[in-house]
Amino acid sequence: MWNQAYEYITNVELWINLGQGLLKIFLIMFISTIFIRIGKLAIGKIFFFRGKSPLRISERRENTLAKLLENILTYVVYFIAIVMVLEAMTINVGALLAGAGIVGLAVGFGAQSLVKDIITGFFIIFEDQFSVGDHIRVASFEGTVEEIGLRTTKIKNWTGELHILPNGSITEVTNFSIHNSMAVVDISISYETDIPEAERIVQELLNEVADKYEEIVTPPELLGIQNLAASEVILRVVCEVQPMSHFKISRLLRKDIKLRLDEHGIEIPYPKMVMYNRKEQVG
Amino acid sequence: MWNQAYEYITNVELWINLGQGLLKIFLIMFISTIFIRIGKLAIGKIFFFRGKSPLRISERRENTLAKLLENILTYVVYFIAIVMVLEAMTINVGALLAGAGIVGLAVGFGAQSLVKDIITGFFIIFEDQFSVGDHIRVASFEGTVEEIGLRTTKIKNWTGELHILPNGSITEVTNFSIHNSMAVVDISISYETDIPEAERIVQELLNEVADKYEEIVTPPELLGIQNLAASEVILRVVCEVQPMSHFKISRLLRKDIKLRLDEHGIEIPYPKMVMYNRKEQVG
Amino acid sequence: MWNQAYEYITNVELWINLGQGLLKIFLIMFISTIFIRIGKLAIGKIFFFRGKSPLRISERRENTLAKLLENILTYVVYFIAIVMVLEAMTINVGALLAGAGIVGLAVGFGAQSLVKDIITGFFIIFEDQFSVGDHIRVASFEGTVEEIGLRTTKIKNWTGELHILPNGSITEVTNFSIHNSMAVVDISISYETDIPEAERIVQELLNEVADKYEEIVTPPELLGIQNLAASEVILRVVCEVQPMSHFKISRLLRKDIKLRLDEHGIEIPYPKMVMYNRKEQVG
Amino acid sequence: MWNQAYEYITNVELWINLGQGLLKIFLIMFISTIFIRIGKLAIGKIFFFRGKSPLRISERRENTLAKLLENILTYVVYFIAIVMVLEAMTINVGALLAGAGIVGLAVGFGAQSLVKDIITGFFIIFEDQFSVGDHIRVASFEGTVEEIGLRTTKIKNWTGELHILPNGSITEVTNFSIHNSMAVVDISISYETDIPEAERIVQELLNEVADKYEEIVTPPELLGIQNLAASEVILRVVCEVQPMSHFKISRLLRKDIKLRLDEHGIEIPYPKMVMYNRKEQVG
Amino acid sequence: MWNQAYEYITNVELWINLGQGLLKIFLIMFISTIFIRIGKLAIGKIFFFRGKSPLRISERRENTLAKLLENILTYVVYFIAIVMVLEAMTINVGALLAGAGIVGLAVGFGAQSLVKDIITGFFIIFEDQFSVGDHIRVASFEGTVEEIGLRTTKIKNWTGELHILPNGSITEVTNFSIHNSMAVVDISISYETDIPEAERIVQELLNEVADKYEEIVTPPELLGIQNLAASEVILRVVCEVQPMSHFKISRLLRKDIKLRLDEHGIEIPYPKMVMYNRKEQVG
Amino acid sequence: MWNQAYEYITNVELWINLGQGLLKIFLIMFISTIFIRIGKLAIGKIFFFRGKSPLRISERRENTLAKLLENILTYVVYFIAIVMVLEAMTINVGALLAGAGIVGLAVGFGAQSLVKDIITGFFIIFEDQFSVGDHIRVASFEGTVEEIGLRTTKIKNWTGELHILPNGSITEVTNFSIHNSMAVVDISISYETDIPEAERIVQELLNEVADKYEEIVTPPELLGIQNLAASEVILRVVCEVQPMSHFKISRLLRKDIKLRLDEHGIEIPYPKMVMYNRKEQVG
Amino acid sequence: MWNQAYEYITNVELWINLGQGLLKIFLIMFISTIFIRIGKLAIGKIFFFRGKSPLRISERRENTLAKLLENILTYVVYFIAIVMVLEAMTINVGALLAGAGIVGLAVGFGAQSLVKDIITGFFIIFEDQFSVGDHIRVASFEGTVEEIGLRTTKIKNWTGELHILPNGSITEVTNFSIHNSMAVVDISISYETDIPEAERIVQELLNEVADKYEEIVTPPELLGIQNLAASEVILRVVCEVQPMSHFKISRLLRKDIKLRLDEHGIEIPYPKMVMYNRKEQVG
């Protein structure tokens, strides 16, 4: 038994092969990196000339396609590099593996999410679900698309975080940049207020405000009593605005309505409670 | 060892083949795009003539089918294109792969959700679960259907967001556009109110209101005491209305009932609390 | 390389075959639709005669079976149609596919939920878990069953939404239409109330009420003190009623009990709090 | 191309075979139903004689086994019927299917939950996890077991709903009918109360009450101070009672303790709050 | 076609074989039951003699092993029985099945959770994760272990429910019976209290209490200020006690501390609030 | 048919073989147990000598490795034992199994989580993710590592519970024992307080306190205003302390700051509310 | 039968082989450890010289690559070691295994998450998703990246915990160190305040503050009325700052604004409530 163990360890060729393999791997990775840089420069050139060529591609998809070509280049080069690395490794290791089938099964299963990422990536680009610069929400991540790759997509949050998502997990996308947004403002007035009068005042303001802000697409509208809440009657105002400008317009409408209601002495009510003070019957 | 690595890198044919492959891929994608544009024009024509033909298809599915045909065209063309691209790539890459079985397994697993999307897409259209223009809810997404494709469905939210869902994740659909909706209004009255009297007043109003709004299908009905809540007795009013007009009718009913109860001096109560003021026995 | 790409594109037969395939698909779909309409008429006839035939099937399953037969007809026809379509497509596309095994694997996995839907559908009908017209709850969807198909079930909510569920996601069903329902009414009385007296009054009312509403199956029963809550003692009344009429009876019982307690001057208490007003020791 | 499509449609044999297949399916289903009725009668007979036979099976499993035998009969008959139906269908359809392996894979995966249901069903019955009439909880469903089948189990809720669960989803069962239940009553007393005195009074009552209700197995016990809550000291009383009678006994104990504490003037406290009224330093 | 259907139905042998199969199944199940009873008696005998034999097994695992042997016996016998039943059935049914591979696949997948249960069961017993009589928690189920089987484990809750869990779902076990428990008591004192003084009083009591209750392993310890809450300062007392006696000791400590603090006039504070009464500027 | 059944049952060899198999199993398990005890003693010896040997293993991994060797020994022996048991069983049972492939599939799937446990176990030890004695959190379980095995890890909670986790479910580990901990104390002061003054007082105390407790690594720091809450301004103090001593230091800091603020008359505020007492306009 | 069992146990060779196998395993693990140490030293050297070489790698990825090379070395060596161990074991054990296919299946499935970890690890490094030193969030874990390995990534929380995550569970990464952060401060002012005046005061301060703190990138901005809450009007201030300094700047801005508002006598309001004191009509 000691002989067998000794043979494994003193087997000089095994260690030399191992060393050579590591060097080969390093070399492959270095050359690949150089190759990719050249390729990216070339893509830059192509898109420069394309700008003057008669080829008509919608302006909005330009960035997306440039990024994509770079991406495909990178992956194809790396894929060849990894296959080379694996081959370099299998010279030493592969022969030691009795059950190659087991490894194959494990790799097949382990790589399925990689394949799914790439398939989904293709469809996101071909179906033009979103482009670089769109504001989208995927699961709990929301922000502006910074890069669409074959395998991952990068989304920049408005607070500066960069979300990096594998495409396979982008199943349900919500795109905010295609249609106009809707600014929704809820105003509370007290139950004692004359509701038709309050509606009249708010409607008057809304008519004035329509042309004041250029982001407004159709004049704001007073929908009516949204809810009879515990302490207040809630009126809802909606307004169609340019994509993603609903936060800004909501804030402006909120201020305008608050000031106008103040002018007419209409109270935005605090929480209210009716209290019965009772004499205790027990000690 | 250096020789092997050197051979890989200086292998001129490998790089030329790679370059050719990339060009081929670009060409295939360009031609496919042109082909699809022509196809879409053709589909537009067909549907123009169809309008006059004796072929009778329910009006409501017209848009759906036009979109679908465009969709099938796009996918068939792209599918052929991708197969061509894959073939173009395998000239270079395929030969390097020892275990093609592994890749096959990974691709098979990775593509299963794509297949599921298409199968579910077929059934959504064949079973007519919803059409373009219907208001539906799928999981947490709700809105008007904008496009039903073979692989994805697009739903437009009332606030302007566009939800893009792969069909495979559309398992449980709720369709609001097929049956009449039900407007539900809960009114709180205080425990001290004469309940039969209050019911009489509300019922009287409901009788008047039935013909006032054209969206109402059957006259609104006062169901009775829905709950004896902490501070209030809750009466429930329901009213069958045209599909998706229940939000509007609810708002109108809420206003009418509030004003009518005000007229009769019936209070919508604030939260109430009985308070015992006790002298402290300790310090 | 250019030759290969050129050959693909200028390959006239490929495009012709593609066009023919699309026409064939259109034709198959059209004829299938016609065939199904005739079949449905036939099924209607069969059930018309069946009404007079000696074949005895429980009244309640009649609709279910009619819908089912239509369903099977539809699916069998569409299945043949799709197989034809696939065949029509494979003339062009199939030959291009190197690894048919990969596609087979993906289709096999992707179609498994379809198979599961049909298997579950069979069992729902054979085991008579629910019939058309029953009120059921599946996961978060509740309503009246409108249609049981081989692949999907349609449930209509009382507020008018139509839920469409694939049968495979109907694992745990709750059926409200088979057994009598139980109306449960909780009444709060204050801690200061004489509890045996209050129980006597409620019990008296319950005895009177038993024959008043025809939906009541067994006379309502006062179970006792369900909870000693923060501000109130909660008495529970239960009453076995006809299936799905518990909402109505609960509302009626709630009104009767409220009025009766008012008559006897028994208070339904508001939330209570004991408040110690303390002089501050610090500034 | 038109020829091929035409041939499919005008292929008379195909349509005739399809019609024959549908009739065959109908016939098979009808005869199976008759056969099952006879079988169920036979099972009823066997269990009638078994009542007098020397075969000793625990009384509690009797219903379960009768239901099970009926169930096995039904499934075996239906299984044969479905196999016949499938065979009848494959005469027409089967030959059209190129990749039978794909269908096999899909069916194998789709049917796995069916197999799991039956395996789990066997174990529920063999291990006697619960019998017809037991009160059990499975996931969020609770009630009395109405029927244990090979594939599904039916549980009747106390409010009348019938829950139908596939056995495969019955992983973790809670059975309430095997051991005695424990009635748990928490009583709040105020912080100012003399706690040892209150404990003495409650303990006194518990001693008296032990023989009053026949459902009580061991005399109730006062465990001590369960919690020092915000406004009250909570004492816990527990009492071992007959299976599933803990709701009833809890209600009775709650009433007895409330009345006894009233007699001794011990207050069940309302929520309390100490309030500092402060003069404002700012306007 | 009618001939084929007729042949199926009038095929006498088929029905006879079916009948024989059912009888055979019944017979197999009956004999298996008898065999198991004898086996269980034998196991009882073995353990009786083992008590006197020199074989040394830790006292705590005795019950577990007896239950296990009975369990293995039961499963081996039933397994043979089921195989016999399946064989008896396949005489009739098996031949009808075209694609045995499909069934094999479905059974293989369906049975995997059964295999997982048994594997996990083995490891629970070999690794001695818990024994009969231990108090454990698995997922949301907690109680005393009543039986550890090869496939399922039974846990009795302190309120009397019996939880039956398949071993495969026992992934993460929490065992309360191996190490000493820790009683944790949080005491609220008001912000105005002299905290060092209060700590001194509590510490004094803890020193006295250490020898009073025999379940206490190490004297209780006052950790310090656990939290500065909204209305109170929370002190934490911990005490190492015998396994599972921490509920009892907590209750006793709570009472002792409450009474001791009362003696020294230290208040356990009610929720507090500072209230500013403001004159309204608006109507 | 009766013959076949009779033959199964009266087949003497079958029963004898079954008996022999059970005895063989018992014998194998007994001898394995003995063998393991001897092996564990031997491991103890090895580690005794290793203490003096020049082999240098980091002190912290010593316990881990001893436990691991015992573990490997146990599993290798049990594995051989189980294989023997299975072989002993297959003499009787194996031959009865028609579809060995089905069982293989089920076992392969059922055992995958076992394999995953062992693989993850190896990596936890090789990568030194945590050692015996470390304080870690895995999912919802937190405590001190008591034993790292090949298949399971045991974690002891500070309240005495022992959590037993299969290694396969230890995906995301949080280790508290490697880096210094951070004690975080939030202090509320009222809005009326002079904030710069309060910050000065707290900072002064923090400077004094740095050398007072030896667990403090870097002097505590006052970060500033963490939040402007409803009734209070919240200041945050952080302090780097030795691993896992942050609970202790937090308690001490909390007390020191509370006493120091008391000295300077700075109030920790109760919840505050501004109350408008309004005359009711309605009855 | 006894002979067979006896033969297993007295089979001397089996035990000797087992002993030899264990020793071999020990030897392999020892030599591997030595080998790795030497390799790590070598990597250190390479990176020392690299610092002077013309090879240009972005400064930020330096640590990441050093760690990675060490990691690859470790795994390759351990992989060879484990294969050797497995071989050493299979001499004894392998021959005992009947169904090697079963084991292969189980290992293949069990190892798939290991393969997934390594694949994802490769992509994290190649795509440069994050580097050592970046502040990232993955699922619920957030902190500074300490080490990126092939299989696991280590993240250090700011409170000192070290999170160890397998790369396979790093699907969605949020990187905070790439773009500037955004400090968000919400300020409450009472409804009675003159809002335009308050906005003017805050804006004035923001202009002054822009140059005061060097972490600020663009001057802070007052967005407007973010919400009309129950008791207060909420103004939102945002400010682009250097990555990860938003917590610090928020705290500083909060203090500055609070002090400035105090100067101008603008109240940050407490929760408010309007209270109606009502005379009770009932006793």
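Every chain is numbered independently, its residues counted from 1 as its sequence is written. In the order they appear in the text, chains get letters beginning with A and ligands get numbers beginning with 1. Residues qualify for local features only when their pLDDT is at least 70, as the model is predicted, and side-chain atom pairs are given and counted only at 80 or more; totals for whole chains, interfaces and linings, by contrast, use all residues. Think of the side-chain values as coming from all heavy atoms in the structure, minus any hydrogens and water.

Examining the overall build of chain A
Here is the rule: Think of it this way: any DSSP run of H or I at least four residues long counts as a helix, any run of E at least two long counts as a strand, and we number them from the N terminus. Relative accessibility decides the category of a residue: with a 1.4 Å probe and only protein chains considered, values under 20% of the type maximum give buried, values over 50% give exposed, and everything between is partly exposed. Whether two residues touch is decided by their heavy atoms; if any such pair falls within 4.5 Å, the residues are in contact. Note that accessible areas follow from Shrake-Rupley with a 1.4 Å probe, and for residues the cover is restricted to the protein chains shown.
Secondary structure summary: chain A contains seven helices and nine strands in total. Within chain A, the fraction of its 283 residues that count as buried is 52%. Partitioning the contacts of chain A with sequence separation of at least 6, the portion at a separation of at least 24 is 63%. For chain A, the exposed surface amounts to about 13000 Å²; the carbon and sulfur share of it is 59%.

Description of the pairing of strand β7 (residues 221-228) of chain G
Residues and elements named next belong to chain G. The following threshold applies: We treat two strands as partners when DSSP finds at least two bridges between them.
Two strands pair when backbone bridges link them, and β7 and strand β8 (residues 233-241) are joined in this way by six bridges, in the antiparallel orientation. In the sheet register, Asn227 faces β8, and the bridge partner there is Ile234. The antiparallel pairing of β7 with β8 creates a hairpin that spans four residues between the two strands.

Re the nonpolar core
A general feature of soluble globular proteins is that nonpolar side chains tend to end up buried together. In plain terms, the rule: Residues belong to a common nonpolar core when they are buried Ala, Val, Leu, Ile, Met, Phe, Trp, Tyr or Cys residues joined through side-chain atoms within 4.5 Å.
Within the largest apolar cluster, 217 residues are counted, with the highest numbers of intra-cluster contacts made by F:Val237 and G:Val237. Ignoring sequence-local partners within four residues, the contact set of G:Val237 consists of G:Ala183, G:Val184, G:Val185, G:Ile187, G:Val202, G:Leu206, G:Pro220, G:Glu221, G:Leu222 and G:Ile257.

Focus on the pairing of strand β4 (residues 162-166) of chain B
If a strand is regular, its side chains alternate between the two faces of the sheet. β4(B) sits mainly inside the fold: five of its five residues count as buried. The alternating pattern of β4(B) places B:Leu162, B:Ile164 and B:Pro166 on one face and B:His163 and B:Leu165 on the opposite face, and all of these are buried. In the sheet, strand β5 (residues 173-175) of chain A pairs with β4(B) via three bridges, with the strands oriented antiparallel. When the bridges of β4(B) are listed, A:Val173 appears paired with B:Ile164. Counting the residues between successive antiparallel strands, the hairpin from strand β3 (residues 152-156) of chain B to β4(B) contains five residues, one of them, B:Gly160, with a positive phi of roughly 105°.

Some remarks on the packing of helix α6 (residues 195-209) of chain C against helix α7 (residues 246-263) of chain C
All names here are of chain C. Our working rule: Fitted lines through C-alpha atoms serve as axes, helices being fitted only where they are in contact, and the angles separating the N-to-C directions of these axes extend from 0 to 180 degrees. An angle below 35 degrees is treated as roughly parallel, one above 145 as roughly antiparallel, one from 65 to 115 as roughly perpendicular, and anything else as oblique. Take the far helix as the reference: if the near one is turned anticlockwise from it by less than a right angle, the crossing is left-handed, and if turned clockwise, right-handed. Each residue is assigned to one of three groups, with Ala, Val, Leu, Ile, Met, Phe, Trp, Tyr, Cys and Pro labelled nonpolar, Asp, Glu, Lys and Arg labelled charged, and all others, Gly among them, labelled polar.
In the contact formed by α6 and α7, the axes pass within 10 Å of each other and the chain directions differ by 135°. In this view, α6 runs oblique relative to α7, as classed from their interaxial angle. α7 is crossed by α6, and the crossing has right-handed handedness. Of α7, the residues touching α6 (which contributes Ile201, Val202, Glu204, Leu205, Leu206, Glu208 and Val209) are Leu253, Asp256, Ile257, Arg260 and Leu261. Taken together, the residues of the contact of α6 with α7 break down into eight nonpolar, no polar and four charged.

Observations concerning the pattern of salt bridges
Quick reminder of the rule: By definition here, a salt bridge exists when the distance from a side-chain nitrogen of Lys or Arg to a carboxyl oxygen of Asp or Glu is within 4 Å.
In total, this model carries 92 salt bridges over all chains according to the counting rule given. Close ionic contact of C:Lys255 with B:Glu199 constitutes a salt bridge, the shortest N to O distance being 2.7 Å. Of the two residues, C:Lys255 is situated in helix α7 and B:Glu199 in helix α6 (residues 195-209); the pairing between them involves two chains. The exposure class assigned to B:Glu199 is buried, which follows from its relative accessible area of 12%. With a shortest N-O distance of 3.5 Å, D:Arg137 and D:Glu142 are connected by a salt bridge. By relative accessible area, which is 27% here, D:Arg137 ends up partly exposed. The network of salt bridges with common partners includes A:Asp117, A:Arg151 and G:Glu127.

Here's the deal with the confidence of the model for chain A
Residues and elements named next belong to chain A. Rules: A score from 0 to 100, pLDDT tells how confident the predictor is in each residue.
Here chain A shows a mean pLDDT of 78. Residues at 70 or above account for 71%. Below pLDDT 50 for its whole length, residues 50-57 participates in four contacts with residues either more than four positions away or in separate chains. Confidence over residues 91-102 falls short of pLDDT 50; this stretch has 17 contacts with residues more than four positions distant or in other chains. Among the scores for the predicted complex, ipTM is 0.73 and pTM is 0.77.

A look at the sheet that holds strand β6 (residues 181-189) of chain G
All names here are of chain G. Pairing is antiparallel in the open sheet, where three strands are placed in the order β6-β8-β7. Of all strands in the sheet, those with a lone pairing partner are β6 and β7, marking the two edges. Looking at each pair of strands side by side, their axes are set apart by 25° on average, direction ignored. In terms of strand pairing, β6 meets β8 through nine bridges, oriented antiparallel. Directly across from Met182, in β8, lies its bridge partner Glu240. The strands touched by helix α6 (residues 195-209) within the sheet are β6, β7 and β8, with β7 carrying the most contacts at an inclination of about 145°. Here helix α7 (residues 246-263) sits on the sheet in contact with β6 and β8, set at roughly 25° to β6.

Re helix α5 (residues 112-126) of chain E
All names here are of chain E. Counted only if it meets this: The length a helix should cover is 1.5 Å for every residue beyond the first.
Its 15 residues give α5 an end-to-end C-alpha distance of 21 Å, which sits within 8% of 21 Å, the value for a rise of 1.5 Å per residue. Those residues of α5 that fall on the buried side of the exposure criterion are Leu114, Val115, Asp117, Ile119, Thr120, Gly121, Phe123, Ile124, Ile125 and Phe126. Of the residues one or two after α5, Asp128 is the one with positive phi, at around 50°.

Description of unusual backbone geometry
Residues and elements named next belong to chain C. Its identity is not glycine, yet Asp128 carries a phi of approximately 55°, on the positive side. By the secondary structure assignment, Asp128 is in the loop between α5 (112-126) and β1 (135-138). Of the residues examined, Asp128 reaches a relative accessible area of 22% and is grouped as partly exposed.

As for the side chain of D:Thr193
Looking at where D:Thr193 falls in the secondary structure, it is placed in the loop between β6 (181-189) and α6 (195-209). Beyond its immediate chain neighbours, meaning those up to four positions away, D:Thr193 contacts D:Ala198 and D:Ile266.

Here we look at the environment of D:Leu41
For D:Leu41, the position within the fold is in helix α2 (residues 12-50). In this structure the C-alpha to C-alpha distance between D:Leu41 and D:Glu70, which are 29 residues apart in sequence, comes to 9.3 Å.

Some remarks on a nonpolar patch on the surface
Stated formally: Only residues above 30% relative accessible area that lack a salt bridge enter a patch, with like-charged residues linked at up to 9 Å and the nonpolar side chains Val, Leu, Ile, Met, Phe, Trp and Tyr linked at up to 5 Å.
A cluster of nonpolar side chains, contributed by A:Phe30, A:Ile34 and A:Ile38, occupies part of the molecular surface with about 280 Å² of accessible area. Inspection of the secondary structure assignment puts A:Phe30 in helix α2 (residues 12-50).

Quick look at the sheet that holds strand β6 (residues 181-189) of chain C
Residue and element names in this part refer to chain C. Spatially, three strands are ordered β6-β8-β7 in an open sheet, and the strand pairing comes out antiparallel. Both edges of this open sheet fall to β6 and β7 (221-228), since each of them pairs with a single strand only. For this sheet the average axis-to-axis angle between neighbouring strands, irrespective of direction, equals 25°. In the packing of α6 onto the sheet, contacts are made with β6, β7 and β8 (233-241), and the angle to β7 comes to roughly 145°.

What about the environment of G:Glu142?
All names here are of chain G. The condition that has to hold: Polar contact is the term for a pair of N or O atoms within 3.5 Å; when the atoms are in protein, one must be able to donate a hydrogen and the other to accept it, and sequence-neighboring residues count only if both atoms are side-chain atoms.
Considering the arrangement of structural elements, one finds Glu142 in strand β2 (residues 141-148). By relative accessible area, Glu142 is classed as partly exposed at 25%. Sequence separation between Glu142 and Ile125 is 17 residues, and the spatial gap between their C-alpha atoms is 19 Å. Looking at Glu142, its side chain comes within polar contact range of the side chain of His135, at 3.1 Å. Polar contacts involving the side chain of Glu142 include one to the side chain of Arg137, which spans 3.5 Å.

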